[in-house]
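Take a look at the letters that make up each chain.
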Amino acid sequence: MIRHIAIALALFGSYCTGGVLHAQTGLYDLGSVREVRLYFAEPDWNDLLDTLYLAGDERLQGDLIIDGTSIPDVGVRYKGFSSYSSSREKNPFNIKLDHVHAGQNYQGYEKLKLSNVIQDPSFLREVLSYEIVRKYMPASQANYANVYVNDILIGLYANVEDVSKEFVDSHFGSRGNPFVKGNPTTVDLNGENSNLSNSPGTDIADYYDLYSLESDEGWDELYTLIDVLNNDPENVEEILNVDRTLWMHAFNYALINFDSYVGYAQNYYLYMDDNARWNPILWDMNMSFASFRLTDASTHWNGFSIAQAITIDPLEHLNSVSVQPRPLMRNLFQNPTYQRMYLAHMRTIVDENFADHSYYSRAEGLRDIIAPYVLADTNKFYSYQAFLDNLDETFVDLIDYPGIAELIDQRTVYLYDYPGFTNQPVVSDVAHFPVEIAVGEEVAITATIVGSDSAFLAYRTSENGLFEHIELKDDGLNADGSAGDGVFGTLLTASSSLIQFYIYAENATAGVFEPVRAANEFHSIFTQINPGDLVINEFMALNGGTVVDENGDPDDWIELYNRSTFALSTAGLYVSDDASDPTKWAMPTRVVQPNEYLIIWADGQPDQGDDHADFKLEATGETVMLSYADSTVIDQVNFGNQYEISSTGRFPNGSGVFRELYPTFNAWNSQEGIDDLDRFLRLFPNPTNGDITLILDEDDPYEMVIFSPDGKRITPDFALIGDHAVRIGTLGLTPGAYVLEVRTSNRTSHQTFILSE
């Protein structure tokens, strides 16, 4: 009884829209600690979860409250490998919110991953590591949650975003591509595990126990990656996002995060993007900052000390041995340019987080937030004093946990003395001209580069597209000024209204990126779209269920169409239904290819996704406009009364005047059925098993009568529901074929309708 009262009380202060539960504070907000309460009907819930852990993926059903918002009937199981033990009170949780109710989520998240902060006296390693790595590549959000079960405090947990299909969708713009996890069924402490070597052979079945498939298909694609990586590494960039892989290695070696691909070759994901390239994603960083020191699969194959962690060679697997194969490192590092890129990325991590001690200030801030919760956690694995000290000092337990600052400050000194870490070229004064560029126009991109042997421009013309490389030259022939003046340049055609680019330069010693966080960050050139190129093509302001959004809601929608011959970016564009407020809703940045459509849901629910506007369309008529912040109008339409059966769209498609159409959502506007829409009198739905709607193009008075199947005159029960629209009731009528007669001063019209069972 207590459990149900608690859940009922928790409903106050929360709200629900469209089946999605909401709260005022973000689930992964780092400014405060989330409160998570689990309720199980079974008093022996802990024993049951232990049993289910051994059984595999089975879950115990319970109820969940997050910061006062109730989520019923979730599925709970313990997770982890070394972090789980049946003898512990504080085990890590995996909570599935849609376990019973399909689509149930909290702020868009369908799963909670709660780590018990074992192997980390500081409570800082995982959350601080995720915050650092998110600057450079897609990675989970992470913060803290105070967890209760049946109103008994279990302790403070790290709350880490699940690497799910929702995660890859938000970072890669797709979710159905091959998706795997380096996650051996049993970690072999003396084996290869998920190291991407081809040692198991050519039978894909021999890899099943080494990787978990997170998508419906993908084994063949994974084997192709393994084959190319091991047998044809010169062409691996065609199938692997090498830059992102180098960022992963740079992060792991800068922070000594070896419970990863480095140590036992696990705890990472791979997702194939729409360019057919695999992208690595880091996972499970509770043992970063050298908390894990069991192996580096190289010189220190049998473990290493804190002192050795400080001076571990970032190129150990190239300069020394690989006791267990690590082709994702060794085979990439054999390429001299990849080596220099890798060290350039590591230098950026060190420059931006360690050299200026900003990591330390951030760690102190996190420690201040969680200190009272750590103090109250009676199930923590180390003392409160160890928590206070471990940011600075080594804590001695069964193993030694290095002080984070003790490790990082000394490793920073070591890395700055490492060959190839410094003496990189200097890139400055990046510019493009002309400043205002039209699509199809030639654009020059230049930069001053000192100390470089070679340099290239990497550019793309669509979000999530592949970067193409063009050599930057200082020859006086590429809009670069005079030959040998230190200004490098290149010319390219603006084939889209969006150009994203970065620069890489290197010499025989070191390399450098501009911007330094490339390719996660880049320079952007936006060109304004010419009126008539991207048009409002169709919209529906009174959706009777003809089309539904991804949540199953029959919302208003607006369709844009690219009628130009260039890809067009929506960057800087606004959509509005109010001519006096043209910047009402800022569009997300999307690239619309020639002859492609883009749908905006005008439902007033921006929390449902980037393509959901914060306004609804008025069915009695108003304005839809597309414009820039400087009031440049790209397209605009004023419309009148709308009806449930039809949309308003351009005919012919993309260029014609607006008229009433049968909806052609996300497709070419068709004249199919136009003759019916042009009729003086229209009824829908027809056939019907309930009320019908009459649309009558008549401003003068009129009379209505219904003739039954046996010829009797019936005065209809009706109600005016809008301009030219009448709702006619059918209550009391028996099934059959009826005729509606409408008589005006100058005409009489008839329309048959069928009333079904």
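Higher on the page you've got the structure.
Notes on the structure follow. (Residues numbered from 1 in each chain as written. Predicted model: local features only at pLDDT ≥ 70, side-chain atom pairs only at ≥ 80, totals over all residues. Heavy atoms only, no water.)

Another point: the overall build of the chain. From N to C terminus, the chain includes 14 helices and 42 strands. Taken along its principal axes, the extent of the C-alpha atoms in the chain is 100 × 80 × 50 Å. Sorting the 757 residues of the chain into buried and exposed places 55% on the buried side. Counted over contacts in the chain with a minimum sequence separation of 6, partners at least 24 positions apart contribute 64%. As displayed, the chain has an accessible area near 30800 Å², and 48% of this comes from carbon and sulfur atoms. Side-chain charges of the chain comprise 44 positive and 112 negative groups, with the mean position of each set lying 4 Å from the other. (Helix = DSSP H or I, 4+ residues; strand = E, 2+ residues; numbered from the N terminus. Buried < 20%, exposed > 50% of the residue type's maximum accessible area, 1.4 Å probe, protein only. Contact = heavy atoms within 4.5 Å. Areas by Shrake-Rupley, 256 points an atom, 1.4 Å probe, with all protein chains shown as cover. Lys, Arg positive; Asp, Glu negative; His and termini not counted. Charge placed at Lys NZ, Arg CZ, Asp CG, Glu CD.)

Another point: the layout of surface pockets. Put simply, the second largest pocket is a space of about 220 Å³. Forming the boundary of the second largest pocket are Arg-590, Val-591, Val-592, Glu-596, Tyr-597, Leu-598, Ile-599, Trp-601, Asp-611, Phe-665 and Asn-666. Elements that contribute at least two residues to the lining of the second largest pocket include exactly β29 (591-592) and β30 (597-602). Looking at the lining of the second largest pocket element by element, the count peaks at four residues for β30. Residues that form the lining of the second largest pocket fall into these classes: seven nonpolar, one polar and three charged. (1 Å grid on protein atoms, 1.4 Å probe; cavity = no way out; pocket = protein on both sides within 12 Å on 5 of 7 lines; lining within 4 Å. Points joined across faces, edges and corners; volume = space filled by probe spheres on them. Nonpolar A, V, L, I, M, F, W, Y, C, P; charged D, E, K, R; others polar.)

The next thing to look at is the pattern of salt bridges. Under the criterion given, the structure shown has 19 salt bridges. Because the salt bridges share partners, they merge into one network encompassing Glu-35, Arg-37 and Asp-151. (Salt bridge = Lys/Arg side-chain N within 4 Å of Asp/Glu carboxyl O.)

Attention now moves to the packing of aromatic side chains. By the definition in use, this model includes 38 aromatic pairs. Here Phe-179 and Tyr-271 contribute two aromatic rings whose centre-to-centre distance is 5.5 Å and whose plane-to-plane angle is 85°, an arrangement assigned as edge-to-face. Of this pair, Phe-179 sits in strand β10 (residues 179-182) while Tyr-271 sits in strand β12 (residues 268-272), placing them 92 residues apart in sequence. Measuring from ring centre to ring centre gives 5.0 Å for Tyr-253 and Phe-258, while their planes differ by 65°; the resulting arrangement is edge-to-face. Like Phe-258, Tyr-253 is buried. Taken together, the ring pairs connect Phe-456, Phe-467, Tyr-502, Tyr-504, Phe-513 and Phe-522 into an aromatic cluster. Above the face of the Tyr-148 ring, Arg-37 is positioned so that its terminal group lies 3.9 Å from the ring centre. In this structure, Arg-326 packs its charged tip against the face of Tyr-261, placed 5.8 Å from the ring centre. (Phe/Tyr/Trp six-rings, centres within 6.5 Å; stacked < 30°, edge-to-face > 60°. Lys NZ or Arg CZ within 6 Å of the ring centre and 35° of its normal.)

Taken in spatial order, the four strands make up an open sheet running β11-β10-β12-β13, and their pairing is antiparallel. With one partner strand each, in any of the chains shown, β11 (211-213) and β13 (278-282) form the two edges of the open sheet. Put simply, the sheet's adjacent strands are angled 25° from each other on average, direction ignored. For β12 and β13, the ladder comprises five bridges, and the chain directions are antiparallel. (Pairing = 2+ DSSP bridges. Axes fitted to C-alpha atoms, helices over the stretch in contact; angles between N-to-C directions.)

With that out of the way, let us pick up a negative patch on the surface. A surface patch of like charges, here negative, comprises Asp-227, Asp-232, Glu-234, Glu-237 and Glu-238. Along the chain, Asp-227 falls in helix α5 (residues 219-231). (Patch = residues over 30% accessible without salt bridge, like charges linked within 9 Å, V, L, I, M, F, W, Y side chains within 5 Å.)

Moving on to the side chain of Asn-279. You can see Asn-279 is positioned in strand β13. Those residues in contact with Asn-279 that sit more than four places away from it in its chain are Phe-172, Asn-241, Arg-244, Tyr-269, Leu-270, Tyr-271 and Asp-273.

Now for the packing of helix α6 (residues 242-255) against helix α10 (residues 336-355). Between α6 and α10, the shortest axis-to-axis distance is 8 Å and the interhelical angle comes to 50°. On the basis of the axis angle, α6 is oblique to α10. In this structure, α6 crosses over α10, and the sense of that crossing is right-handed. For the pair α6 and α10, contact is made by Val-242, Asp-243, Leu-246, Trp-247, His-249, Ala-250, Phe-251, Tyr-253, Ala-254 and Leu-255 and by Tyr-338, Met-341, Tyr-342, His-345, Met-346, Thr-348, Ile-349 and Phe-354, respectively. For the contact of α6 with α10, a count of residues per class yields 14 nonpolar, three polar and one charged. (Parallel < 35°, antiparallel > 145°, perpendicular 65-115°, else oblique. Left-handed = near helix turned anticlockwise from the far one by under 90°.)

Below, the discussion takes up the sheet that holds strand β3 (residues 34-39). Whether parallel or antiparallel, the strands of a sheet pair through hydrogen bonds between backbone atoms. Taking strand neighbours around the barrel as the criterion, the seven strands line up as β3-β4-β5-β6-β7-β9-β8 in a closed arrangement whose pairing is mixed. Recorded for the sheet is a direction-independent mean angle of 40° between the axes of neighbouring strands. With three bridges joining them, strand β7 (residues 111-115) and strand β9 (residues 152-160) adopt antiparallel strand pairing. Bridged to Ser-115 within β9 is Ala-158. Packing of helix α11 (residues 358-376) onto the sheet brings it into contact with β8 (142-149) and β9, and relative to β9 it is tilted by some 140°.

What follows covers unusual backbone geometry. The residue after Phe-433, namely Pro-434, is reached through a cis peptide bond having omega 0°. Note on placement: Pro-434 falls in the loop between β16 (426-433) and β17 (442-450). Phi at Phe-289 is positive, roughly 55°, even though this residue is not glycine. Here Phe-289 lies in the loop between β13 and α7 (306-310). For Ala-479, which is not a glycine, the phi torsion comes out positive at approximately 55°. In this structure, Ala-479 sits in the loop between β19 (468-471) and β20 (487-493). The exposure class assigned to Ala-479 is partly exposed, which follows from its relative accessible area of 29%.

Here we take up the environment of Glu-441. Within the fold, Glu-441 resides in the loop between β16 and β17. Separated by 53 residues in sequence, Glu-441 and Ala-494 have C-alpha atoms that sit 5.6 Å apart.

Here five bridges tie strand β31 (residues 623-628) to strand β32 (residues 633-638), and the two strands are oriented antiparallel to one another. Looking at the pairing, Ser-627 lines up with Val-633 of β32. Taken together, β31 and the strand that follows it, β32, pair antiparallel across an intervening segment of four residues, in which Ser-631 is found at a positive phi of about 80°.

Phe-167, Val-168 and Phe-172 are the residues of helix α4 (residues 165-172) that are buried. The buried residues of α4 occupy an angular sector of 95° when projected down its axis, which confines them to one face. (Arc of directions from axis to C-beta.)

Once that is clear, we can look at the side chain of Ser-452. Topologically, Ser-452 is positioned in the loop between β17 and β18 (454-460). A polar contact of 2.8 Å, which involves the side chain of Ser-452, links it to the backbone oxygen of Ser-454. For Ser-452, the contacting residues outside a window of four places in its chain are Pro-425, Ala-505 and Glu-506. (Polar contact = N/O pair within 3.5 Å; in protein donor to acceptor, adjacent residues only side chain to side chain.)

Relative orientation of the contacting elements helix α3 (residues 125-133) and α11 amounts to 135°, with a least axis distance of 11 Å. In terms of orientation, α3 lies oblique with respect to α11. For the crossing formed where α3 meets α11, the hand is right-handed. Residues Val-127, Leu-128 and Glu-131 of α3 form the contact with α11, whose own contacting residues are Tyr-359, Arg-362, Ala-363 and Leu-366.

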